[in-house]
Amino acid sequence: VEQFFAPKILQGLSLLLTAGPTREAIDPVRYISNHSSGKMGFALAKAAIEMGAKVTIVAGPVNIETPLNINRINVESTQEMLDAVMQQVHHSDIFIGCAAVCDYRVADIATDKIKKSAHEMALALVRNPDILASVAAHPQRPFTVGFAAETQDVAHYAKDKLKRKNLDMIAANDVSDPSQGFNSDTNALTVFWSHGQYELPATDKLTLARQLLTLIAQQMKTA
Ligand code: CTP
Ligand code: CA
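Keep in mind the model is a prediction, meaning the values are calculated, not measured. (Residues numbered from 1 in each chain as written. Chains lettered and ligands numbered in written order. Predicted model: local features only at pLDDT ≥ 70, side-chain atom pairs only at ≥ 80, totals over all residues.)

Caption draft 1: Spatial organisation of the site of ligand 1. Residues in contact with ligand 1 amount to 15 residues; listed here are only the nearest, Gly-97, Val-101, Ile-131, Leu-132 and Gly-146. Listed by contribution, the elements that provide at least two residues to the shell around ligand 1 are helix H3 (131-136) and strand E9 (143-150). Per-element tally for the shell around ligand 1: the top contributor is E9, with four residues. Looking at the shell around ligand 1 residue by residue, the classes come out as seven nonpolar, five polar and three charged. (Near = placed C-beta within 6 Å. Helix = DSSP H or I, 4+ residues; strand = E, 2+ residues; numbered from the N terminus. Nonpolar A, V, L, I, M, F, W, Y, C, P; charged D, E, K, R; others polar.)

Next comes the structure, spelled out in structure tokens:
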């Protein structure tokens, strides 16, 4: 019902977003990943539909039903997520990197299940590409928004990522607080852009998603 009353401030705009974790295979039965639930990304997708946007979500492995009217592309690895995003980026007006992307992948994925032998073993890892920075570097760059999950010096690290990745906006959250981020149903964000910042106090993720999208729409107008 509420979608009929939501202000259609994103009417005519296409939103592309990433959500959930990525998953890096070690061998046919094992992987490296993280605890991202995908809830924030799917809340953003739902809120954006209410506000009149066309939404494509590139989702890692998460246990969430697809909200109505959303184009969902399921991926596992970081490279798959990057490929899916890059295929969509040229016809997107807004990109939000909400996924908890694995920073590293296994250097050589074993083709057979690894058998245990020695008492110790080491796994060689290599750096993954940065999806968000790749979008921001695209010649037909959408309005590009990142997330920053930090456990310390939240403002410092978030502003550093805003600059370093050349973003239009970054939403930072303190994941050292168990009521925020990752698997929680609530979250609080501090949003930074080049000439300002705004506090979004703790609330449910759908409310927070509407507030963040409102800030994005405002900044796109003034940009
Ligand atoms: N991100 C991405 N691709 C990566 C790593 C991160 O798109 N390979 C995006 C995330 O989706 C998020 C933002 O970059 O929007 C910040 O992610 P975060 O993990 O906080 O930053 P990193 O640059 O990976 O730095 P670090 O983990 O060392 O703090
Ligand atoms: Ca990271």
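There is more to say, and it comes next.
Caption draft 2: Just the nonpolar core, in detail. Ranked by internal contacts, the top residues of the largest apolar core, which has 53 residues, are Leu-15, Leu-17, Leu-44, Ala-48, Ile-170, Leu-212 and Leu-213. When residues of this core are assigned to their parent elements, the largest contribution, seven residues, is made by helix H1 (residues 39-50). Each residue touching Leu-17, except ones within four places of it in the same chain, is listed here: Gly-41, Leu-44, Ala-45, Ile-57, Phe-95, Ile-96 and Cys-98. (Core = buried A, V, L, I, M, F, W, Y, C linked by C-beta atoms within 7 Å. Buried ≥ 20, exposed ≤ 12 C-beta atoms within 10 Å, placed from the backbone. Contact = placed C-beta atoms within 7 Å.)

Caption draft 3: Focus on the UniProt feature "binding site: CTP" (unreviewed entry) in the protein. Cross-referencing UniProt, the feature "binding site: CTP" (unreviewed entry) maps to Gly-97, Cys-98, Ala-99, Asp-103, Lys-113, Pro-129, Asp-130, Ile-131, Leu-132, Phe-147, Lys-161 and Lys-165 in the present numbering. Annotated residues spanning 69 residues; largest pairwise C-alpha distance 37.6 Å, indicating distribution over more than one region. If we skip the residues at most four places from it in the chain, Cys-98 touches Leu-17, Thr-18, Ala-19, Met-40, Gly-41, Leu-44 and Phe-147. By the element assignment, Asp-103 lies in the loop between strand E6 (94-97) and strand E7 (104-106). Residue classification places Asp-103 among the partly exposed positions, given that 13 C-beta atoms sit within 10 Å. In contact with Asp-103, not counting residues within four places along its chain, are Arg-127 and Asn-128. (UniProt positions renumbered as here; feature names shortened; annotations may be inferred.)

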